[in-house]
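# Chains, contacts and geometry: an overview
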Amino acid sequence: MFYGDIANGKKPRGKLTYEEYNQKRIAKQDSILAQTYHHGVTIMGANTHDKRYGDLDEGFVWSGGTGVYYFYRLYVLSIMSFQGRLGAIYRYGRFDFDEDAGTKTLHGKKVDLTRNTEITYRNAAVDIPLEFKIGGHIEPTTFLYLGLTFGVTKSIYEQSTVVKTLDASSSDKAVQKDLEYLSSIGLSDYPLTKYEKVKEPFYMDDWETNGWVGVGIDGKYLSAEFQVLVASGSTKDNHRYYHLFHDTNPTWRVMVDFSMR
């Protein structure tokens, strides 16, 4: 009966014809190819501009950071997407600040004293950004968008190195020459240098908040976004970053997603 059905062009009971089987296979393949993977790993690189470190709000030189996140992305309709990330970030930076420390008579000569403070920090934190995206698909698995991100950052541990240097100088060339000679023969007490290394954990009330705007493109396997900081705050005075609306260069970061099933 089975062979008779095939010979008569009939479909055996419980079986698909070759045409139906082939159409189903192609439809499944097209569906897989058109599917965007929605979760994976994010790698982040940042260029930060710190405007405050504790009581020090001048002398910023440089800072930056890197991070690794797990992300999950959810599309709503065809023009919106929500993406959450949970990750660990590493940040570093340096401040270098000079201030007038008065005058002093040294070997009968009046000299000016200057105090230099250099702080280098390294910070480990947990970062939780939540992003809303709006845009459109330029092809089934490619989504071009503008993004708005709100993030919460919780510092865990920080190591800072503080070097304070007190130095003597003079605008009088003859006095300055005398100072250099005294220093060369070991008769000058300047510069005086104090070195300190601080390692400290952060408490439960140490939190940072941040807001970002970005532009990016989501693909099936690889996505990338450029974000600029537009707002920042913290419960303490540490790590308040310059954002887009200040007079200096803004803080920015690049987020690259590697998607997986």
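So, a few notes on the structure that sits alongside this text. (Residues numbered from 1 in each chain as written. Predicted model: local features only at pLDDT ≥ 70, side-chain atom pairs only at ≥ 80, totals over all residues. Heavy atoms only, no water.)

## Brief notes about the pairing of strand E1 (residues 39-47)
- Note: E1 against strand E11 (residues 252-260), nine bridges, orientation antiparallel. Considered in E11, the bridge of Ile43 is made with Val256.
- Inspection of the sheet shows E1 paired to strand E3 (residues 60-76) by nine bridges, in the antiparallel sense. When the bridges of E3 are listed, Gly40 appears paired with Phe71. (Pairing = 2+ DSSP bridges. Helix = DSSP H or I, 4+ residues; strand = E, 2+ residues; numbered from the N terminus.)

## Section: the packing of aromatic side chains
- Under the counting rule described, the total for this entry stands at seven aromatic pairs.
- Taking 5.4 Å as the distance between ring centres and 85° as the angle between the ring planes, the aromatic pair formed by Tyr75 and Phe143 counts as edge-to-face. Here Tyr75, found in strand E3, pairs with Phe143, found in strand E6 (residues 142-169); they are 68 residues apart in sequence, far enough to count as distant. For the pair shown, Tyr75 and Phe143 are each scored as buried.
- Judged by centre distance (5.8 Å) and plane angle (35°), the rings of Phe226 and Trp252 are tilted. Separated by 26 residues along the polypeptide, Phe226 in strand E9 (residues 222-234) and Trp252 in strand E11 bring together distant segments of the chain.
- For Phe226, a relative accessible area of 37% puts it in the partly exposed group.
- Every member of this aromatic cluster is reached through a ring pair, and the members are Trp62, Tyr90 and Tyr92.
- Positioned over the ring face of Trp207 is Lys154, at 5.7 Å from the centre of the ring.
- Directly above the ring of Trp212 sits Arg253, whose terminal nitrogen or CZ lies 3.8 Å from the centroid. (Phe/Tyr/Trp six-rings, centres within 6.5 Å; stacked < 30°, edge-to-face > 60°. Buried < 20%, exposed > 50% of the residue type's maximum accessible area, 1.4 Å probe, protein only. Lys NZ or Arg CZ within 6 Å of the ring centre and 35° of its normal.)

## Comments concerning a nonpolar patch on the surface
- Where nonpolar side chains cluster on the molecular surface, the patch consists of Val41, Ile43, Val68, Tyr70, Tyr72, Leu74, Phe82, Tyr221, Leu222, Phe258 and Met260 and spans about 1000 Å² of accessible area.
- If you list the elements that add at least two residues to the nonpolar patch, you get E1, E3 and E11.
- Per-element tally for the nonpolar patch: the top contributor is E3, with four residues.
- Summarising the element assignment, Leu222 is placed in strand E9. (Patch = residues over 30% accessible without salt bridge, like charges linked within 9 Å, V, L, I, M, F, W, Y side chains within 5 Å. Areas by Shrake-Rupley, 256 points an atom, 1.4 Å probe, with all protein chains shown as cover. Salt bridge = Lys/Arg side-chain N within 4 Å of Asp/Glu carboxyl O.)

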